[in-house]
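Okay, here's what each chain looks like letter by letter:
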Amino acid sequence: MRAMEAAAGHTAEHYCVESTPKRDAIVRAASQLFLDSGYGETSMDAIAAAAEVSKRTVYSYFSGKDALFEAVMTDVCENRSDMANNELPNKPAEEVLTWVGLGFLKTVSSDIVLTTFRIAAAESERFPELGDTFYRAGPKRSIHNLATYLRVREAEGELLVPDPELAAAQFFALVKSDVFIRLILGVGPKPDEVDIEKAVSSAVRLFLSGYGSGGADPE
């Protein structure tokens, strides 16, 4: 309960990465068009028109539609959860994992993330770059960041984590439990705060029961 309260590099080529009003307008326009029409049916011409910029301006910021889709995904992740991008605090595992889990489950339960996931899943056969782009912009970044934290806590003797990347992926899988798949399939209502806290609390307990050092020094 205390932890719950406390918690309360390959990329697609970007020609210009700094945030500018034009770049932000392009990303917003692309995001809306991807959601409304899907990835395959959205053209760079349509994005330029919706953003009220020239097609040349779009390409001055993004090398192609895949780079733009990655920018949309990155924007979604950064706006909805800072745990994928910022270094995690070197605090006790129960507290940090609870905070990470809450942020993660709330993020993947959001309408924008669910819709974007459906787009990537539905169109990845025609556009193989979509699956890779989605994974790099979201899950891979979160896993890498959590794995870095797990290494630190192992070095301090709190955890025993032979494979931090695998352990991080397992933690996120535990947090999702069956919540994410039910949301994707439209089965039942969206989880409320109580549901989310229950899922995260259970995931943290199970994770620590497997990876906690029990006070022993890591080998």
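The following paragraphs examine the structure supplied in this document. Keep in mind that this is a model prediction, so the values were computed, not measured.

## What about a nonpolar patch on the surface?
For step 1, the next point in the chain: Residues Ile-181, Leu-185 and Val-187 make up a contiguous nonpolar surface patch of roughly 280 Å² in combined accessible area.
For step 2, the next point in the chain: Within the secondary structure, Val-187 is located in the loop between α10 (179–185) and α11 (193–211).
For step 3, the next point in the chain: Classification of Val-187 as partly exposed rests on a relative accessible area of 44%.

## With respect to the environment of Gly-157
For step 1, the next point in the chain: With respect to the element layout, Gly-157 can be found in the loop between α8 (129–155) and α9 (164–176).
For step 2, the next point in the chain: Put simply, Gly-157 and Gly-214 are 57 residues apart on the chain and 9.0 Å apart in space, counted from C-alpha to C-alpha.

## Focus on the environment of Leu-166
For step 1, the next point in the chain: If you trace the backbone, Leu-166 turns up in helix α9.
For step 2, the next point in the chain: A relative accessible area of 43% places Leu-166 in the partly exposed class.
For step 3, the next point in the chain: Here the alpha-carbon distance between Leu-166 and Ala-147, two residues 19 residues apart in the chain, equals 8.1 Å.

## Quick word on α8
For step 1, the next point in the chain: Along its 27 residues, α8 runs 37 Å from first to last C-alpha, staying within 8% of the 39 Å computed at 1.5 Å per residue.
For step 2, the next point in the chain: At Arg-136, α8 shows its strongest bend, of approximately 45 degrees, with the proline Pro-139 following within four residues.

## Describing α11
For step 1, the next point in the chain: Spanning 19 residues, α11 covers 27 Å between terminal C-alpha atoms, matching the ideal 27 Å at 1.5 Å per step.
For step 2, the next point in the chain: Along α11, the residues classified as buried are Ile-196, Ala-199, Val-200, Ala-203, Val-204, Phe-207 and Tyr-211. Angularly, the buried residues of α11 cover 130 degrees about the axis, an arc narrow enough to put them on a single face. Set apart from the buried face of α11 by more than 90 degrees, the exposed residues are Val-194, Lys-198, Arg-205 and Ser-209.

Basis of the calculations
Every chain begins its residue count from 1, and numbering advances along the sequence as written. Since the coordinates come from a predicted model, pLDDT governs what is reported: local features require at least 70, and pairs of side-chain atoms require 80 or more to be given and counted, while whole-chain, interface and lining totals use all residues. Excluded from the side-chain calculations are hydrogens and water; all other atoms, namely the structure's heavy atoms, are used. Candidate patch residues must exceed 30% relative accessible area and have no salt bridge, after which like charges are joined if within 9 Å and Val, Leu, Ile, Met, Phe, Trp or Tyr side chains if within 5 Å. Accessibility throughout is a Shrake-Rupley quantity obtained with a 1.4 Å probe, and a residue counts as covered only by protein chains that appear here. The term salt bridge refers to a side-chain nitrogen of Lys or Arg lying within 4 Å of a carboxyl oxygen of Asp or Glu. Helix and strand assignments follow DSSP, with helices taken as H or I runs no shorter than four residues and strands as E runs no shorter than two, numbered in order from the N terminus. Accessible area is worked out with a 1.4 Å probe on protein chains only. A residue is then buried under 20% of its type maximum, exposed over 50%, and partly exposed in between. Given a helix with a known number of residues, its expected span is that number minus one, times 1.5 Å. Given a residue, its bend is the angle between the two axes fitted to the seven residues that end at it and to the seven that start from it. To be clear, the arc concerns the directions from the helix axis to the C-beta atoms.

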